There are 4 protein chains.
Amino acid sequence: MYAFVKKKRDVGADIAMVDTPEIEKEEVLVKVKAASICGTDVEVWNWNQWAQSRVKNLPLILGHELAGEIVEVGAEVTTLQEGDMVSAETHIVDGTCYQCRTDRMHICQNMEILGVDRDGVFAEYVKLPERNAWKNHPDLDPAIASLQEPLGNAVQSVLPKDHIEDVAGKNIAVLGCGPIGLMTIAVLKTIGAAKIFATAGGRNKVRMELAKKVGADMVLNAREEGQNLVKIVRQATDGKGVDVALEMSGAASAVRQAFNMLTPGGRVSLLGILDKPLKLDLNNAVVFRAATVYGIHGRRMFQTWYQAKGLLSKPHFRSKIASIITHRLPIKDLAKGMELINSKQAAKVLLQPNW
Amino acid sequence: MYAFVKKKRDVGADIAMVDTPEIEKEEVLVKVKAASICGTDVEVWNWNQWAQSRVKNLPLILGHELAGEIVEVGAEVTTLQEGDMVSAETHIVDGTCYQCRTDRMHICQNMEILGVDRDGVFAEYVKLPERNAWKNHPDLDPAIASLQEPLGNAVQSVLPKDHIEDVAGKNIAVLGCGPIGLMTIAVLKTIGAAKIFATAGGRNKVRMELAKKVGADMVLNAREEGQNLVKIVRQATDGKGVDVALEMSGAASAVRQAFNMLTPGGRVSLLGILDKPLKLDLNNAVVFRAATVYGIHGRRMFQTWYQAKGLLSKPHFRSKIASIITHRLPIKDLAKGMELINSKQAAKVLLQPNW
Amino acid sequence: MYAFVKKKRDVGADIAMVDTPEIEKEEVLVKVKAASICGTDVEVWNWNQWAQSRVKNLPLILGHELAGEIVEVGAEVTTLQEGDMVSAETHIVDGTCYQCRTDRMHICQNMEILGVDRDGVFAEYVKLPERNAWKNHPDLDPAIASLQEPLGNAVQSVLPKDHIEDVAGKNIAVLGCGPIGLMTIAVLKTIGAAKIFATAGGRNKVRMELAKKVGADMVLNAREEGQNLVKIVRQATDGKGVDVALEMSGAASAVRQAFNMLTPGGRVSLLGILDKPLKLDLNNAVVFRAATVYGIHGRRMFQTWYQAKGLLSKPHFRSKIASIITHRLPIKDLAKGMELINSKQAAKVLLQPNW
Amino acid sequence: MYAFVKKKRDVGADIAMVDTPEIEKEEVLVKVKAASICGTDVEVWNWNQWAQSRVKNLPLILGHELAGEIVEVGAEVTTLQEGDMVSAETHIVDGTCYQCRTDRMHICQNMEILGVDRDGVFAEYVKLPERNAWKNHPDLDPAIASLQEPLGNAVQSVLPKDHIEDVAGKNIAVLGCGPIGLMTIAVLKTIGAAKIFATAGGRNKVRMELAKKVGADMVLNAREEGQNLVKIVRQATDGKGVDVALEMSGAASAVRQAFNMLTPGGRVSLLGILDKPLKLDLNNAVVFRAATVYGIHGRRMFQTWYQAKGLLSKPHFRSKIASIITHRLPIKDLAKGMELINSKQAAKVLLQPNW
């Protein structure tokens with residue numbers, strides 16, 4: 001089959017012909033109908049510092065967001081069958097470690113990630129453990145189905161635990177308008193946040209416009225507003241600050257702003273990955289503010305999938321999520337997709353199985 | 001001033017001229033701009049069994065839902081001033097009991113309720129402790145402002161604690177389509193529930209139509225469906241049952257249905273007041289189902305008010321809430337309002353200060 | 001091998017020679033080193049109404065609480081090996097239903113229970129899915145190891161969710177002094193409850209003495225105190241009532257008392273199984289009291305096991321749990337053990353593998 | 001009356017004769033029976049950088065931890081009377097801000113702190129708002145009663161919210177063995193933590209011995225262990241790391257260790273105040289670890305007081321708390337108490353009203 005394979009510890013990846021995966025008895029083989037590019041894929045493609053230290057074994061087929069059709073099921077698979085349309089939970093877990101046995105499977109201590117630790121989905125076929133194949137409604141557009149995995153991150157950022165301070169009627173800030181930031185805004189709009197503030201670095205105008213479109217009440221350009229950004233948010237919340245701040249940019253300045261604009265006793269989710277250690281005034285950011293901070297990694301398996309499914313049952317939410325796809329390319333043009341993202345022209349890039 | 005005063009331990013109440021209340025130094029005097037009829041008012045008016053045992057002292061001015069304007073402030077009031085538009089939190093609490101000192105002020109052990117334990121709002125003026133006067137945006141329609149108090153009950157039913165299993169993307173049933181049930185549907189629709197099932201006794205067609213209008217995906221007539229009702233809900237949820245069931249009718253059959261349609265591990269809120277003890281199969285309803293049950297009484301002071309305010313900042317939500325007002329009457333026609341409710345022709349009846 | 005097999009839909013069971021179980025590749029074979037009698041076993045033995053409707057298939061080997069040694073492991077077992085000492089999580093789950101995939105595996109919709117739905121542990125050997133074999137420290141006394149399963153119920157009753165109102169420094173009532181009630185008292189004593197009230201039916205003096213011994217500050221005889229019982233608890237809590245009430249008796253009167261002695265806003269766990277539907281004044285029990293009620297069934301898998309393990313690492317707690325074992329019998333005398341329990345002379349009866 | 005008054009923006013404070021406070025109608029006058037020195041008092045005494053920026057107005061009577069007897073009550077005080085023994089909740093709040101009206105009074109936005117923003121307790125008398133005077137059992141030793149305020153911080157650190165992952169049977173680390181760290185260890189021991197790890201800077205041997213005495217299973221000298229400290233904790237927890245880490249030292253290295261020794265999905269409380277911004281690898285500390293972080297400031301009013309009261313009802317817990325008092329001095333020797341703390345010879349210093 002065709003696949004995008006990274007063979008050298010360097011930038012990029014090439015189309016190659018490789019063997020179609022052979023499935024184990026608890027796995028399924030999925031024919032890729034749609035795939036999408038995640039920020040992580042860009043990092044692995046760009047072979048940045050994080051990727052160099054994180055990716056252990058090459059050659060590696062890239063990619064992890066997909067929608068596809070099951071074409072073969074292992075002998076012991078009980079819940080899926082040929083013809084089922086599925087998306088992938090991309091965290092392959094052991095099911096037996098302390099975290100897995102205490103309802104925290106998404107941070108399994110022996111986790112492998114598709115397209116990072118094992119072969120991914122930028123290929124004609126991919127094999128998945130039965131547990132990781134999430135069955136979709138047959139009518140769900142594969143483009144949207146593929147986006148469910150990052151949508152799960154958005155849900156996890158907003159609702160990181162089963163028992164959580166609800167966002168209904170609260171003022172919320174989303175710092176960073178990448179695809180997950182945008183999906184988060186769409187989620188917040190759909191679940192009753194009062195005012196939604198979005199901040200963006202300012203270079204990617206496409207994303208700022210989308211932020212408005214999917215539900216932000218106010219979109220702030222961090223580059224232009226600088227020191228005023230926090231003040232503007234405070235003024236727009238009667239001086240109280242936001243109840244919840246969701247950091248999705250990985251920018252040091254955004255992390256600091258997230259805390260500065262937070263009402264005392266509020267909560268912060270940290271999803272963005274920083275490029276280096278952060279200098280932070282913990283006293284004022286967290287201690288005196290009595291803030292609660294949640295680290296966000298992955299998606300609870302599978303609460304977030306059920307919640308995403310519930311939200312996607314609403315046409316207006318589906319259309320918000322669809323609008324985040326700014327480009328649809330044949331998968332053979334993956335390099336172009338990477339370029340669109342690197343040059344800040346895209347929000348989400350969808351790949352169609354055209355080799 | 002004019003007021004509706006119940007003077008005898010019997011049905012009804014009469015318009016009377018009484019002294020305008022004199023405020024204490026920590027109180028405010030409010031000129032009533034709008035009032036609305038709650039189910040409790042109907043019970044006190046009808047002088048049913050509950051009212052006979054609950055109401056201690058007559059004469060009593062009825063009513064507790066209102067919006068009004070502050071016309072006088074006590075000497076020690078610091079957060080309000082003349083001209084402020086306010087609604088009433090109707091639970092007057094002591095602030096010093098165990099419940100009040102552990103964030104459960106809404107179930108204060110020495111609580112007095114407007115129109116039940118002390119003079120209420122079906123009058124030209126009413127006095128309120130500063131703490132109980134919730135300041136509204138000056139532009140908020142008094143009709144909607146008056147409905148904030150029962151809206152708080154709806155919010156409390158959906159989100160009974162600060163930390164709670166969120167409803168986003170979940171399937172939810174609302175059993176009972178009285179005004180609070182209808183508001184609850186509107187809240188659920190606005191905060192991202194997946195499917196919303198509403199059940200109604202079946203006699204009040206107005207309310208069933210409103211249930212659809214404010215957001216129910218399916219409105220079931222309990223009278224007609226009978227034993228099938230639970231089955232229908234189960235089928236519409238892929239056999240899982242609902243994640244959350246909100247009992248707002250006070251009907252014994254509805255309480256049983258709430259549990260029967262609940263997915264194991266789900267949660268139930270009980271707001272409806274039953275007219276007698278209930279015979280319930282606790283084993284299957286609660287124990288084996290590992291259900292969580294929340295008793296709903298009042299509204300957390302004042303988290304639910306802030307949340308209601310946040311939701312009411314959205315025009316589409318305000319319009320849903322407004323649509324629940326089926327009748328607007330001069331307050332002097334209170335008896336007619338009671339009749340409209342007793343004869344199942346109304347959802348919410350709003351009273352305008354026309355004596 | 002020897003085993004206690006119920007062959008007829010009638011009282012009792014007989015020792016029989018049956019085939020040693022053959023394990024599947026994901027199972028382990030366990031040689032029973034200790035077993036203990038649960039209330040459920042008594043019901044199945046006595047063949048009461050619940051058992052008649054619940055038990056589907058005979059013949060059936062009884063029993064589910066055990067400690068044993070692994071003597072054979074299936075080909076795909078990865079976390080256990082021969083010689084490991086294990087106890088059994090007795091709920092065999094599918095791992096794929098809605099409940100299992102949303103962190104509620106203990107209420108799996110396709111659950112089978114050892115000794116009820118499939119062959120149990122009152123035998124020389126029993127087979128278990130790898131997932132259900134909880135590895136013990138090799139030095140843990142098998143007698144105590146066998147009690148971990150009901151101890152998990154006790155932990156689940158006290159801490160039914162991951163996020164829960166803590167019991168530290170709170171006043172708590174345990175209604176019912178059966179083995180799980182006694183273990184619950186031991187747990188509460190060890191995790192910092194302020195005052196612990198225990199109530200018992202009054203016929204089983206052994207259990208009442210044990211309640212005191214394992215930590216109850218006050219043990220009340222429900223038979224003798226009658227209507228005064230609630231009053232006594234209220235007086236001993238400065239009129240406030242208890243913060244948490246744990247119903248572990250299955251007596252209708254105890255369920256009512258649990259609510260009556262509860263402080264408004266407090267929480268109740270219901271573990272006891274009632275012999276028929278209960279007539280309950282829901283208004284005053286739950287609604288006006290703003291009570292939270294948790295149905296308790298099984299034990300969260302496997303948070304409660306880790307917590308039980310942590311508590312059992314403390315010698316004083318182990319000794320409390322050990323003290324609940326009032327009788328140690330050779331397993332061949334199972335009928336005598338049943339008799340001891342039925343005649344209210346025992347707390348926990350431990351069975352040693354002596355055929 | 002006599003009082004320790006800081007008159008100049010410089011080190012120390014002097015005994016002075018000042019007017020006995022005159023109470024308002026909602027206040028009480030308390031005769032000091034015992035006071036104790038908090039780390040904050042040391043900072044204000046030492047006039048370090050934090051104190052210089054934080055303390056606005058001089059002259060100022062220092063101190064905030066006390067036990068005393070009410071000698072006068074204001075006209076509108078309803079819950080207290082002359083002769084009552086009380087301790088002080090030292091956060092004087094407005095009761096009307098967003099935080100106060102949403103169950104977060106302890107982080108009121110207009111808070112004043114005794115001995116920092118208004119006259120404190122190192123005096124013969126102090127006045128308190130009725131709300132802030134916590135009534136003690138008349139038999140409670142004033143020495144222990146005075147320690148309830150920091151004990152509340154310990155409770156808040158362990159249980160920062162009403163709904164929280166319980167510590168029962170969990171492995172916990174306390175980083176820092178100052179008085180609050182020591183009290184935290186005592187709390188953890190009393191509420192069922194499995195293994196308790198304490199770390200200390202290593203200079204104050206008195207505190208390290210006390211850590212062991214009040215319940216730590218392992219006391220680690222951070223100075224000596226250095227890089228090994230985290231490894232030791234991991235080894236002692238089967239490689240899992242601790243479930244909860246409580247940072248109570250304010251040392252940058254301890255904050256980093258707290259995260260490094262945390263099991264993924266675990267929680268951290270930050271109480272210690274750092275002397276400057278911290279450089280932290282947020283990715284690995286919080287994000288990938290899916291950690292939850294709680295900023296701890298003050299004590300929930302008044303849940304933590306009720307919990308502390310419940311715990312103090314146990315003699316063994318009282319004796320643990322009492323053991324933390326290493327020195328009892330006449331209050332006139334306050335300077336000596338400060339010296340004992342600054343020279344690392346003391347844990348808690350108690351002051352007796354001997355002028």
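Here, every reference points to the structure presented above.
Caption draft 1: Broad picture of the relation of the copies chain C and chain B. Turning chain C through 180° and shifting it by 0.0 Å along the axis lays it on chain B, with an RMSD of 0.0 Å. Both copies are brought into coincidence by an operation consistent with a two-fold rotation axis. The rotation axis passes nearest to the C-alpha of C:Lys279 in chain C, at a distance of 2.1 Å. Of the residues that chain C buries at the interface, 100% are likewise interface residues in chain B, meaning the two copies contact each other through the same surface.

Caption draft 2: Quick peek at the pattern of salt bridges. On inspection of all chains with the given rule, the structure shows 48 salt bridges over all chains. With a shortest N-O distance of 3.0 Å, B:Glu112 and B:Arg118 are connected by a salt bridge. B:Lys161 serves as the salt-bridge partner of C:Glu165, at 2.5 Å between the closest nitrogen and oxygen. Taken together, the positions of C:Glu165 in strand E11 (residues 163–165) and B:Lys161 in the loop between helix H4 (148–158) and strand E11 (163–165) put the pair across two chains. Comparing C:Glu165 with B:Lys161 shows no difference in burial state: the two are buried.

Caption draft 3: Summary view of the packing of aromatic side chains. Taken as a whole, this structure holds 28 aromatic pairs over all chains when the rule is applied. When the ring of C:Trp134 is compared with that of C:Phe302, the centres are 6.1 Å apart and the planes differ by 15°; the resulting orientation is stacked. With C:Trp134 in strand E10 (residues 133–135) and C:Phe302 in the loop between strand E18 (292–295) and helix H11 (303–312), the pair connects residues that are 168 residues apart, well separated along the chain. What makes C:Trp134 buried here is its relative accessible area of 5%. Judged by its relative accessible area of 2%, C:Phe302 falls in the buried class. The structure contains a cluster of three or more aromatic residues connected by ring pairs, namely A:Tyr98, C:Trp134, C:Phe302, C:Trp305 and C:Tyr306. The residue whose ring lies beneath B:Lys240 is C:Tyr98, and the NZ or CZ to ring-centre distance is 4.7 Å.

Caption draft 4: Expanded view of a nonpolar patch on the surface. Residues and elements named next belong to chain A. A cluster of nonpolar side chains, Tyr2, Ile15 and Met17, forms an exposed patch at the surface whose accessible area comes to about 290 Å². Along the chain, Ile15 turns up in strand E2 (residues 14–17). For Ile15, a relative accessible area of 37% corresponds to the partly exposed category.

Caption draft 5: Examining the interface of chain C and chain B more closely. Listed by partner, the interface residues are 40 residues for chain C and 40 residues for chain B. Note on chain C versus chain B: buried area summed over both sides is about 3,400 Å², and carbon and sulfur give 61% of it. The largest contributions to the chain C side of the interface with chain B come from C:Tyr98, C:Val287 and C:Phe288, which together make up 17% of the buried area. Taken together, the links from chain C to chain B amount to two salt bridges. Summed over the shared surface of chain C and chain B, the result is 19 residue pairs in polar contact (both at pLDDT 80 or more). Elements supplying a minimum of two residues to the side of chain C that touches chain B: strand E16 (262–270), strand E17 (278–280), helix H10 (282–287) and E18 of chain C. Examining the composition of the side of chain C that touches chain B, we find that five residues originate from one element, E16(C), more than from any other. Each residue belonging to the side of chain C that touches chain B can be placed in one class, and the counts come to 21 nonpolar, 10 polar and nine charged. Note: strand E17 (residues 278–280) of chain B against E17(C), three bridges, orientation antiparallel.

Caption draft 6: Summary view of the interface of chain A and chain D. Residue-level contacts link 40 residues of chain A with 40 residues of chain D. Taken together, the two surfaces of chain A and chain D that pack against each other cover about 3,300 Å², and 61% of this comes from carbon and sulfur. Three residues, A:Tyr98, A:Val287 and A:Phe288, lead the burial of chain A against chain D; their summed loss comes to 16% of the area buried on that side. Joining chain A to chain D, the criterion identifies two salt bridges. Seen at the junction of chain A and chain D, the total is 19 residue pairs in polar contact (both at pLDDT 80 or more). Elements that contribute at least two residues to the side of chain A that touches chain D include exactly strand E16 (262–270), strand E17 (278–280), helix H10 (282–287) and strand E18 (292–295) of chain A. Broken down by element, the residue count for the side of chain A that touches chain D peaks at five residues, all from E16(A).

Cut-off values and rules
Residues numbered from 1 in each chain as written. Chains lettered and ligands numbered in written order. Predicted model: local features only at pLDDT ≥ 70, side-chain atom pairs only at ≥ 80, totals over all residues. Heavy atoms only, no water. Least-squares fit on C-alpha atoms with pLDDT ≥ 70 in both. Contact = heavy atoms within 4.5 Å. Salt bridge = Lys/Arg side-chain N within 4 Å of Asp/Glu carboxyl O. Helix = DSSP H or I, 4+ residues; strand = E, 2+ residues; numbered from the N terminus. Buried < 20%, exposed > 50% of the residue type's maximum accessible area, 1.4 Å probe, protein only. Phe/Tyr/Trp six-rings, centres within 6.5 Å; stacked < 30°, edge-to-face > 60°. Lys NZ or Arg CZ within 6 Å of the ring centre and 35° of its normal. Patch = residues over 30% accessible without salt bridge, like charges linked within 9 Å, V, L, I, M, F, W, Y side chains within 5 Å. Areas by Shrake-Rupley, 256 points an atom, 1.4 Å probe, with all protein chains shown as cover. Buried area = accessible area lost by both parts, 1.4 Å probe. Polar contact = N/O pair within 3.5 Å; in protein donor to acceptor, adjacent residues only side chain to side chain. Nonpolar A, V, L, I, M, F, W, Y, C, P; charged D, E, K, R; others polar. Pairing = 2+ DSSP bridges.

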